[in-house]
There are 2 protein chains.
Amino acid sequence: MTDPSIDYSLLDSLVGYRLRKAQLAYFEDFTATCAEEGITPGLFGILAVVQRNPGLTQTAVSQAMGTDRSAMVAAVDKLEKRQLMERRPSDNDRRSYALFLTPEGEQFTQRLHERVQEHESHFDRVMKPGEKEWLLDLLDRVIRA
Amino acid sequence: MTDPSIDYSLLDSLVGYRLRKAQLAYFEDFTATCAEEGITPGLFGILAVVQRNPGLTQTAVSQAMGTDRSAMVAAVDKLEKRQLMERRPSDNDRRSYALFLTPEGEQFTQRLHERVQEHESHFDRVMKPGEKEWLLDLLDRVIRA
DNA sequence: TATTGTTATACTCTATAACTATA
DNA sequence: TATAGTTATAGAGTATAACAATA
């Protein structure tokens, strides 16, 4: 992945940059697995949030994903076209839609989630027992810092 | 940063996604610090590689950064225009340039590096003694996996 | 023939601003 | 007035293909 004859020491001294490299290594696998199912990591993120939080509005999901609500339109269009998600008119507010997974979307999301986890287990080999839980906990503290 | 009333558990069960969130948290700081100096993380990466590996060709740097060589043209143009880097004709191959930092570029890179490290130390507060070294080592193993 | 730097081009992701229909 | 979804648009970032000069 990286040229061993090149000195990266200045970048590697920054936690942020090494974190980025590790994330890219993970996402290479993740993106490939998603691509085999004809989807992107971004769309999977939306599926995953709606799966656990059915009925959210588009704006609520965009806030959860950290993107602008304008970006949700094309994303939900794609997921609807693939019949994985559907917009239902909101009961109490005729401006907004409530988002739900279709039965097919539920199945799709669950299967892809399992496949991604299988691919991720490749990285378990470089971790000692207990290290993964430690990593997840530390990353969580970093995120909330 | 994230809505506490929303269930992210499906995404959080994936190391790759939590790694991405943590990386974004780090990079928010990193990008802001770079922006104050009128630069981007991408351009800083190029400066950092050339600083430690003076004389590399554009193609070699693009490979080190994991981008296409065509993307280097505009990047080096910007750095040359700011007089932080210079293209020198290669001795043995008249097709290529050798890249070097100017004295100003050396100073700039060193100062920005120090500033980024200072900002990163904000995250040290969430780590117990020794945890940072362990994290850097684990990330390194992940990158090489 | 292959490679370096370059240009033109396109595609994705994301953000902003303005519009409409509701609230 | 403010907000939800939408549209148009623009800016990064990155990739591909083709070209001239050189190897």
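Residues numbered from 1 in each chain as written. Chains lettered and ligands numbered in written order. Predicted model: local features only at pLDDT ≥ 70, side-chain atom pairs only at ≥ 80, totals over all residues. Heavy atoms only, no water.

Asks: I keep staring at the protein's contact with DNA strand D and nothing clicks. Help me out?
Replies: Taken together, 16 residues form the shell around DNA strand D, and within it A:T59, A:R69, A:R95, B:S70 and B:R94 come nearest. Within 4 Å of the protein, atoms of DNA strand D come from sugar and phosphate in 60% of cases. A:Q58 is positioned such that a nitrogen or oxygen atom in its side chain is 3.0 Å from a phosphate oxygen of DNA strand D. Here A:R69 contributes a side-chain N or O atom positioned 2.4 Å from a base nitrogen of DNA strand D. Of all the secondary structure elements, the ones that give two or more residues to the surface near DNA strand D are α4 (58-65) and α5 (70-81) of chain A. When grouped by side-chain class, the residues that make up the surface near DNA strand D number two nonpolar, seven polar and seven charged. (Near = heavy atom within 4 Å. Polar contact = N/O pair within 3.5 Å; in protein donor to acceptor, adjacent residues only side chain to side chain. Helix = DSSP H or I, 4+ residues; strand = E, 2+ residues; numbered from the N terminus. Nonpolar A, V, L, I, M, F, W, Y, C, P; charged D, E, K, R; others polar.)

Asks: Can you walk me through the protein's contact with DNA strand C in this structure?
Replies: Around DNA strand C, the surrounding shell holds 17 residues, and the nearest of these are A:S70, A:R94, B:T59, B:R69 and B:R95. In DNA strand C, atoms within 4 Å of the protein come from the sugar-phosphate backbone in 57% of cases. Backbone polar atom of A:R94 to a phosphate oxygen of DNA strand C: 2.9 Å apart, as the coordinates give it. Within the side chain of B:Q58, an N or O atom sits 3.1 Å from a phosphate oxygen of DNA strand C. Among the secondary structure elements, those contributing two or more residues to the surface near DNA strand C are α4 (58-65) and α5 (70-81) of chain B. For the surface near DNA strand C, a count of residues per class yields two nonpolar, eight polar and seven charged.

Asks: Would you take a moment to explain the relation of the copies chain B and chain A for this structure?
Replies: In this arrangement, two copies of a chain are superimposed by a rotation about an axis accompanied by a shift along the axis. The two copies are related by a screw motion: chain B maps onto chain A through a turn of 180° and a shift of 0.0 Å along the axis, at an RMSD of 0.1 Å. Each copy turns onto its partner about a two-fold axis. The residues that chain B uses at the interface reappear at the interface of chain A in 100% of cases, marking a shared surface. (Least-squares fit on C-alpha atoms with pLDDT ≥ 70 in both. Contact = heavy atoms within 4.5 Å.)

Asks: I tried to follow the UniProt feature "domain: HTH marR-type" (unreviewed entry) in chain A on my own but got confused; where do I start?
Replies: Mapped onto this numbering, the UniProt entry gives "domain: HTH marR-type" (unreviewed entry) at residues 12-144 of chain A. What you have in residues 12-144 of chain A is 65% helix and 8% strand, and the ends, taken at the C-alpha atoms, are 23 Å apart. (UniProt positions renumbered as here; feature names shortened; annotations may be inferred.)

Asks: Would you take a moment to explain helix α7 (residues 131-144) of chain A for this structure?
Replies: In an α-helix, one turn spans 3.6 residues, which is why side chains three or four residues apart end up on the same side. Spanning 14 residues, α7(A) covers 20 Å between terminal C-alpha atoms, matching the ideal 20 Å at 1.5 Å per step. Listed in full, the buried residues belonging to α7(A) are A:E131, A:L135, A:L136, A:L138, A:L139, A:R141, A:V142 and A:I143. Tucked inside the fold, the buried residues of α7(A) contact α2 (15-36) of chain A together with α1 (9-12), α2 (15-36) and α7 (131-144) of chain B. (Expected span 1.5 Å × (residues − 1). Buried < 20%, exposed > 50% of the residue type's maximum accessible area, 1.4 Å probe, protein only.)

Asks: Whenever I open this one, the pattern of salt bridges confuses me. Can you help?
Replies: Pairing between side chains becomes possible if they bear opposite charge and their charged atoms approach one another. Residues and elements named next belong to chain A. Across all of its chains, the model carries 26 salt bridges over all chains by this definition. R115 is the partner of E37 in a salt bridge, and the nearest nitrogen-oxygen pair spans 3.0 Å. Highlighted residues: E37 in the loop between α2 and α3 (41-52) and R115 in helix α6 (residues 103-120), separated in sequence by 78 residues. For E37, a relative accessible area of 15% corresponds to the buried category. For R115, a relative accessible area of 22% puts it in the partly exposed group. Linking R87 and D77 is a salt bridge whose minimum nitrogen-to-oxygen distance equals 2.9 Å. Within this pair, whereas R87 is found in strand β1 (residues 85-89), its partner D77 is found in helix α5, the two being separated by 10 residues in sequence. Judged by relative accessible area, R87 falls into the buried class, the value being 18%. Among the charged side chains, a salt-bridge network with shared partners connects E36, E37, R111 and R115. (Salt bridge = Lys/Arg side-chain N within 4 Å of Asp/Glu carboxyl O.)

Asks: Before we go on, may I ask you to explain the packing of aromatic side chains in this structure?
Replies: The geometry of an aromatic ring pair is captured by two quantities: the separation of the ring centres and the angle between the planes. One pass over the full model with this rule turns up 11 aromatic pairs over all chains. Judged by centre distance (5.8 Å) and plane angle (65°), the rings of A:F30 and B:Y17 are edge-to-face. Placement of A:F30 in helix α2 and of B:Y17 in helix α2 is noted, with the two residues assigned to different chains. Ring centres 4.0 Å apart and planes at 25° place the aromatic pair B:Y26 and B:F123 in the stacked group. In this pair, B:Y26 is assigned in helix α2 and B:F123 in the loop between α6 (103-120) and α7, connecting sequence segments 97 residues apart. (Phe/Tyr/Trp six-rings, centres within 6.5 Å; stacked < 30°, edge-to-face > 60°.)

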